[in-house]
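# Structural overview for review
Read off the chains here:
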Amino acid sequence: MTSINSGDGSTGLVWTFEAGKPAILTAPPFEGIVDACKWLRSTRPQITAGLHEYGAVYLRGLPVDTVDSVGLVRDVLIPQRTPYREKATPRSSFGNDIYSSTDLPPSQPIRLHNENSYTLTFPGLLMFACLTAPEEGGATPVADCRRILRSLPAELVERMRATGWLLTRNYSEHISLDWRTVFASDSKEQVEQYCVENLISCDWDDADHLRTGQLRPGIIRHPETGEEVWFNHLAFWSSWALDPDIREALIDEFGPGGLPFETGFGDGERLTQEELEVISAAYAEATVREAWLPGDIMLVDNILTAHGRDSFRGDRKIVVAMGDPVDIQACRPTIAPAAAGL
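Residues numbered from 1 in each chain as written. Predicted model: local features only at pLDDT ≥ 70, side-chain atom pairs only at ≥ 80, totals over all residues. Heavy atoms only, no water.

### A closer look at the nonpolar core
Convention followed: Buried Ala, Val, Leu, Ile, Met, Phe, Trp, Tyr and Cys residues form a nonpolar core when they are joined through side-chain atoms within 4.5 Å. Relative accessibility under 20% of the residue-type maximum defines a buried residue, over 50% an exposed one, and the middle range a partly exposed one, all with a 1.4 Å probe and only protein chains included. The way it works is that DSSP assigns letters per residue, a run of H or I at least four long becomes a helix, a run of E at least two long becomes a strand, and they are numbered from the N terminus.
Ranked by internal contacts, the top residues of the largest apolar core, which has 40 residues, are Ile148, Trp230 and Ile279. Listed by contribution, the elements that provide at least two residues to this core are strand 6 (110-113), helix 3 (145-151), helix 4 (154-163), strand 10 (165-171), strand 13 (219-221), strand 14 (228-230), strand 15 (261-265) and helix 8 (273-286). Tallying contributions element by element places helix 8 first for this core, with five residues. Counting 31 residues, the second largest nonpolar core, distinct from the first, contains Ala23, Ala36, Val70 and Leu131.

### Some words on the pattern of salt bridges
Heads up, the condition is: Salt bridges are defined by distance alone: a side-chain nitrogen of Lys or Arg within 4 Å of a carboxyl oxygen of Asp or Glu.
In this structure the tally under the stated criterion is 23 salt bridges. In this structure, the salt-bridge partner of Asp208 is Lys188, at a minimum N-O distance of 3.0 Å. Of this pair, Asp208 sits in the loop between strand 11 (201-204) and strand 12 (210-216) while Lys188 is found in helix 6 (residues 188-197), placing the two residues 20 residues apart along the sequence. Looking at Lys188, the relative accessible area reads 30%, which means it is partly exposed. For the salt bridge of Asp310 with Arg289, the shortest nitrogen-to-oxygen distance reads 2.8 Å.

### A short note on helix 7 (residues 244-254)
Heads up, the condition is: Nitrogen and oxygen atoms within 3.5 Å of one another constitute a polar contact, given that in protein one can donate a hydrogen and the other can accept it, and given that sequence-neighbouring residues count only through two side-chain atoms.
With a side-chain oxygen lying 3.0 Å from the backbone nitrogen of Asp245, the N-terminal cap of helix 7 falls on Asp243. Phi turns positive, to about 85°, at Gly255, one or two residues after helix 7.

Below, the structure written as structure tokens:
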């Protein structure tokens, strides 16, 4: 383990680096959240520099114990908010644009991903805060997307660079979120207009179910550092990523084209099981994690870093806020986003 003191002493920055863990910045003692926010304002340039270098930064020792205190920290570190578009997993809202990280069952781990990689505008920064640490497990692992890109086979990277990736979604209250929840609207016309404006193809069936398709770049550059990254949900939503029994049951019930999510390369070819294993290994090799403690904050550069969730036991309350919106065109995508044929 390595600890580094930086600054002139007035800001009291103490960085800790340990193999297998993200960079940790330990805060000095504070009397309350107001003083802590003053310190964060003064150290924000160093925190941003740390984010650009490490991709994610743990802030430890802050007096954060309520949703309100999380909001105050968020307003310092991420003053420009990003709405949650094209919802994909159930979340609870605590108000003030602060949400549960996810409401999926504790036993279900969540694969690493970049938040909203499939939208045309996505959050550049994420902030996770621990209000209740789980009894066991429940870390929020992170992986450097620069490192993932470097470790993938050249032929797979070039295929993604040349064709991008496809996402197909089927919306149903029985197997996923329904379209009214995802698009926050009861109007088909409003949903169709959103799809036109956001380069998404859409089709309705006789049962009022919606199917959409979109082509997105899977390799982009960070708008500030210029570094190239692997940025997509290709493996995350591949049907091969499902538990085999669940995958078989869903295909038996809905057919291969009726799954809640399916992905493929932009040339129309679905991801194979072998390719999924290769991509998953690259994520695993780049992953670091730290056990949550109450009051911990983790700031994540959503372009440089993917995040996930480990399974856990016991109560766990990790909340998240999103901001610093980024337009995909600012990231020099290798292909242009487009609506995909269904």
